[in-house]
Amino acid sequence: MVSALPAAIVSGLLLVGAAQAETVSVAVAANFIKAAEGLQPIFAAKTGHQVAYSFGATGVLYAQAMQGGPFDVLLAGDDMRPAQAVADGIGVEGTVFTYAIGALALYSISLDVRDGEAVLKQGDFDRLAIADPQTAPYGRAAAETLAALGLLDELTPLLVTGENISQTLQFIESGNAELGFVAASQVLGRPGVWLVPGDLHEPIRQDAVLLKAGEANPAALAFMDFLKSDAAVAVIQAAGYEVE
């Protein structure tokens, strides 16, 4: 019979394990909040590492990273900033990949927007919410959609602009705007949603990149690998995204 390990050795092993566990700081596009929160406990269970999120508009997060923000990984809402991070010297070359492909939706709690194109062209509303097209990829997709429908100039005076896609949804739910463009993942399963046809805007490819600040962090490396795992992909798809 194998004897039990002395308590001192067991204690030492536990301390070693605790020392090896690290935390990865991840800057996450606001549209991905629900999925990111779903990934958190699975990542911890599988790797022993922890993840700390900072949510916001991709452009704002990128600016913070450029100014030395303490991020190890960027989960962008577009495919532009991760590539730019590498070009700007804050991202690790060869680590960029698409972790999710998003969809845009028109949503309202007071109007029937299932025929969104007709509702927008009719214009029977006072406020239309979108995320800031300059910093939020879903806001840019919303502006592209309005332009494709020939409505951008007409509806610009009615636009209520959120700093990010989470604030945009808050505008709609609070009644500050009768309707608005949000990420389809935010309103998954809710009635009265118009899923915007993909040919009305550029694809919303959401790329990840390992930042130079996290290059030597084992938790950051593990998180990048984890995002490609079957377990992570299942969570991402269940949240309303496509995965290549």
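Residues numbered from 1 in each chain as written. Predicted model: local features only at pLDDT ≥ 70, side-chain atom pairs only at ≥ 80, totals over all residues. Heavy atoms only, no water.

Peer 1: Even after reading the chapter, I still don't get the packing of aromatic side chains, so can you show me in this structure?
Peer 2: Two aromatic rings are characterised by how far apart their centres lie and by the angle between their planes. Following the criterion strictly, the structure yields 6 aromatic pairs and no others. Each residue in the set Phe32, Tyr99 and Tyr241 is aromatic and connected to the rest through ring pairs, giving one cluster. For the cation-ring pair, Lys228 lies above Phe97, with the distance from its terminal atom to the ring centre recorded as 4.5 Å. (Phe/Tyr/Trp six-rings, centres within 6.5 Å; stacked < 30°, edge-to-face > 60°. Lys NZ or Arg CZ within 6 Å of the ring centre and 35° of its normal.)

Peer 1: Would you take a moment to explain the nonpolar core for this structure?
Peer 2: Considering soluble globular proteins, one finds that nonpolar side chains tend to be buried as a cluster. Counting residues in each nonpolar core, the largest one holds 68 residues, and the members touching the most others are Phe32, Leu75, Leu120, Phe181 and Phe223. Among the elements that make up this core, the one with the highest residue count is helix α9 (residues 218–226) (6 residues). In this structure Phe223 touches Val24, Val26, Phe43, Val51, Tyr53, Val73 and Leu75, once residues within four positions along its chain are discounted. With 11 residues, the next largest nonpolar core counts Ala27, Leu61, Leu74 and Val209 among its residues. (Core = buried A, V, L, I, M, F, W, Y, C linked by side-chain atoms within 4.5 Å. Buried < 20%, exposed > 50% of the residue type's maximum accessible area, 1.4 Å probe, protein only. Helix = DSSP H or I, 4+ residues; strand = E, 2+ residues; numbered from the N terminus. Contact = heavy atoms within 4.5 Å.)

Peer 1: What's the story with the packing of helix α3 (residues 58–66) against helix α4 (residues 80–87) in this structure? I'm lost.
Peer 2: For any two helices packed against each other, the geometry is given by the interaxial angle and the distance between the axes. Packing of α3 against α4 brings their axes to within 11 Å, and their N-to-C directions diverge by 15°. With respect to α4, the axis of α3 lies roughly parallel. Classified by chirality, the crossing of α4 by α3 is right-handed. Where α3 abuts α4, its residues Thr58, Gly59 and Tyr62 lie against Arg81, Gln84 and Ala85. (Axes fitted to C-alpha atoms, helices over the stretch in contact; angles between N-to-C directions. Parallel < 35°, antiparallel > 145°, perpendicular 65-115°, else oblique. Left-handed = near helix turned anticlockwise from the far one by under 90°.)

Peer 1: Any chance you could explain the side chain of Thr135 here in plain terms?
Peer 2: Residue placement: Thr135 occurs in the loop between β6 (128–131) and α6 (137–148). According to the relative accessible area criterion, Thr135 is buried, its value standing at 18%. Among all residues touching Thr135, those that are not within four sequence positions of it are Ala57, Thr58, Gly59, Val60, Arg81 and Glu163.

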